[in-house]
Structures are given as C-alpha cells and as structure tokens.
Amino acid sequence: MNDKREFDLLTFGEVMLRLSPQGYERMSNCQVFDKRAGGSEFNVAAGSCLLGIRTGVITKIPDNDLGKYIKNEIRFEGVSDDYLIYDKTSDARLGVYYYEAGAAPRRPTIVYDRRNSSFTTISLEEIPEDVYASTRMFHTSGITLALCKNTRRVATEMIRRFKEAGAQISFDCNYRANLWSEEEAREAIYAILPYVDILFVSEETSHRMMQRGDGDLREIMKGYTEDFPNIRYVCTTERTVISPKKHDFTSMIYSKASDSFYTEKPYKDIDVVDRIGSGDAYCAGVLYGLLRYGDARKALEYGDATSSTKNTVPGDLPSSDLEEIDRIIRNHKATGHVEELNR
C-alpha cells in the first residue's frame with residue numbers, strides 16, 4: 001500500500017441539511033428549527049479527520065446558498081472539498097431530514113425529505129479519474145446504495161475502481177428499512193462484498209437482512225471472512241438502550257489475520273444528548289485505528305470511545321479530537337481513581 005497517497009480516507013455519500021426542533025419540542029408544533037449538516041459518510045470523514053488523518057468527501061450538492069452552507073461545514077470540519085461536485089441545474093436541491101429528540105416513553109423520530117436530491121443525479125463522468133489512486137482507503141455505506149438505482153450503480157463501480165487502484169474498501173451495511181427492502185439490499189450488498197476489506201454490520205442486520213442464520217454472533221462474523229476471503233475485519237456494535245437518555249455501548253471486531261475476536265467492557269450509563277451519528281463515529285474511530293496502527297485492538301478502543309462520546313453532543317458530527325479521545329480511553333481502562341474534571 002502506498003502510504004504517500006494524498007488522502008488516508010475518502011468517503012462517498014450524500015450530505016444533507018438536518019433540521020431539529022429545539023430541546024424536546026415536537027416537529028408538529030415547534031416554531032424554530034436548529035440547522036446542521038450531516039450524512040453518514042461525511043460524518044465518518046469528519047470523525048476520522050478530528051483524530052488526525054487526512055480525509056475527503058465525494059458528493060454532489062446544489063450550487064446555491066444551501067450548497068454553500070454544506071461546503072462551508074465540510075471545510076470547517078477539516079475535511080477536503082476537492083471532490084465536491086456542484087449541481088447548477090434548475091432542479092438542484094439539497095436533501096433534508098428532520099430529527100425530533102425522544103424522552104421516555106416517546107422515541108426519537110426522523111422524517112426524510114431527500115427524494116430527487118442533487119446527489120441522486122451524480123454520474124461517474126463527473127468524478128475525476130485521479131481520485132481512485134489518491135487514497136489509502138475508501139468508505140461508503142448501504143444508505144448510498146439504497147438511495148436510488150443511479151447511486152447504487154455509481155457506488156458499486158467506484159468500489160471496483162478504488163479496489164483496482166490499491167485502496168482498502170470499508171463498507172457499513174447501515175440498513176434502513178424505510179429506504180429499500182431486505183431482498184433488494186441483500187442482493188446489492190452481497191454483490192460488493194467480494195471487494196470489501198473492512199465490514200461494519202450489526203447483529204440484527206446479519207440475522208435478518210443478510211440472512212446469516214440465528215447462530216452464535218462470533219460464528220456469523222467469522223463466516224463473512226470465510227465466504228468472502230477479501231474481508232479482513234468484521235465489526236459489530238452492541239448498544240443497550242436503557243432509556244432515550246441512557247445507553248451502554250461496546251463492540252466486537254473479528255480479525256481474520258489473527259483469527260481473533262476483540263471486545264472490551266461497555267461504556268456504561270452514557271448520557272445521551274443525541275445518538276444520531278454515533279454509528280458513524282464508531283466507523284471513524286475504527287478506521288483511524290486501522291489506518292494509524294493496523295491493529296484491531298486499537299481500532300476497537302478508538303471506535304468504542306468515539307461512538308460513546310458522540311452521543312454526548314448535539315448534531316450528526318463528532319466533536320472530540322485525539323487528545324480527548326485518548327483521555328477517555330485511559331479513563332475507561334483505569335482501575336483506580338479518575339479525576340472528575342479536566343483541569
């Protein structure tokens with residue numbers, strides 16, 4: 001692998017406008033919405049960048065003031081905008097989603113307004129050829145495959161081209177039942193698994209959508225690497241929801257090279273301010289650990305810490321840099337007294 005490539009990580013996916021009622025107000029009767037940027041693959045690029053690696057996002061946005069807002073947010077996060085594509089047509093639009101926070105027994109709620117967004121019109125011809133040899137790793141998710149047949153075709157071909165150019169391929173199944181059926185998702189994802197090096201898949205997705213059986217989780221995780229020899233790591237998170245505001249979190253990573261499973265004690269009683277993007281933060285931490293150290297144990301520790309910490313801040317995007325995450329990891333491992341304040 002050429003470590004002198006311009007980027008450590010490039011991601012491909014839609015960046016959206018997120019609108020949320022303030023506090024715990026309802027969408028149906030609030031008067032003011034909080035505006036933020038977000039999107040699974042952008043969240044991953046931003047989280048990895050915070051930890052200190054060079055990242056960029058490949059996406060398409062409208063050439064208007066809303067697109068300018070997204071561009072500014074991408075730059076603010078330190079993520080490269082070199083591969084932003086601008087939609088100058090009269091039909092250009094930015095995908096939007098609305099998020100309403102939950103409070104037990106009321107669950108959080110999401111409403112999407114993203115159909116026919118500019119991103120769904122992206123073509124391979126708009127993406128510069130030099131991108132494929134410019135990065136050590138490429139990441140996308142099942143959400144991008146699910147948006148429409150065009151994004152599925154483009155993402156699948158990009159995976160193939162990045163792989164041919166020597167990049168590692170990271171893929172998060174990220175199954176969303178409101179975007180496509182289990183049958184459609186299964187067919188599309190199984191088609192790209194022969195190219196994937198790092199697979200993120202939940203236990204529920206493995207059982208249901210991927211139809212990997214109802215057996216032991218470790219057998220299922222290892223089974224992916226046996227059926228698809230290119231897969232080197234399989235990552236599965238474990239979240240225990242005590243209430244909308246209180247969660248426990250840990251994960252497990254299987255490394256094919258060492259034929260080993262890695263896990264750790266859960267982060268307990270996480271104060272959940274906003275759980276959206278915490279799965280993406282996990283991916284960001286894991287990918288940082290693999291790119292920086294090539295070590296599954298390190299990847300697990302960074303993934304668990306970044307995901308747990310993301311829950312504690314509003315919005316899709318993480319906000320913890322490497323110094324803070326390293327401190328959180330040390331505190332999590334500590335067996336003695338831990339300082340209450342950072343001072």
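Presented here is an overview of the structure given in this document.

**Examining the packing of aromatic side chains**
Then, in step 1: Within this structure, the stated rule accounts for 13 aromatic pairs.
Then, in step 2: Arranged with centres 5.2 Å apart and planes meeting at 50 degrees, the rings of Phe12 and Phe119 form a pair that is tilted. You can see Phe12 sitting in strand E1 (residues 7-12) and its partner Phe119 sitting in the loop between strand E7 (109-113) and strand E8 (135-141), a full 107 residues away along the chain. Each member of the pair, Phe12 as well as Phe119, is classed as buried.
Then, in step 3: Measuring from ring centre to ring centre gives 6.0 Å for Phe249 and Tyr282, while their planes differ by 70 degrees; the resulting arrangement is edge-to-face. On the criterion of sequence distance, the pair formed by Phe249 in strand E12 (residues 246-255) and Tyr282 in helix H8 (residues 278-293) is long-range, its members being 33 residues apart.
Then, in step 4: You can call Phe249 buried: its relative accessible area is 3%.
Then, in step 5: Among the residues examined, Tyr282 registers a relative accessible area of 2% and is labelled buried.
Then, in step 6: Taken together, Tyr132, Phe138 and Phe162 form an aromatic cluster joined through their ring pairs.

**Focus on the pairing of strand E9 (residues 168-172)**
Side-chain direction in a regular strand flips from residue to residue, so the side chains alternate between the two faces of the sheet.
Then, in step 1: Of all five residues making up E9, five are buried, and the element is well covered by its neighbours.
Then, in step 2: The alternating pattern of E9 places Gln168, Ser170 and Asp172 on one face and Ile169 and Phe171 on the opposite face, and all of these are buried.
Then, in step 3: Bridge count for E8 against E9 is five bridges, and the pairing is parallel. Across the sheet, Met137 pairs through a bridge with Gln168, a residue of E9.
Then, in step 4: In this sheet, strand E10 (residues 198-200) lies alongside E9 in parallel orientation, the contact comprising three bridges. Pairing of Asp172 across the sheet is with Phe200, part of E10.
Then, in step 5: Crossover E9 to E10 through helix H5 (residues 182-192) is right-handed.

Conventions we followed
Residues numbered from 1 in each chain as written. Predicted model: local features only at pLDDT ≥ 70, side-chain atom pairs only at ≥ 80, totals over all residues. Heavy atoms only, no water. Phe/Tyr/Trp six-rings, centres within 6.5 Å; stacked < 30°, edge-to-face > 60°. Helix = DSSP H or I, 4+ residues; strand = E, 2+ residues; numbered from the N terminus. Buried < 20%, exposed > 50% of the residue type's maximum accessible area, 1.4 Å probe, protein only. Pairing = 2+ DSSP bridges. Right-handed = clockwise from strand over helix to strand, strands pointing away.

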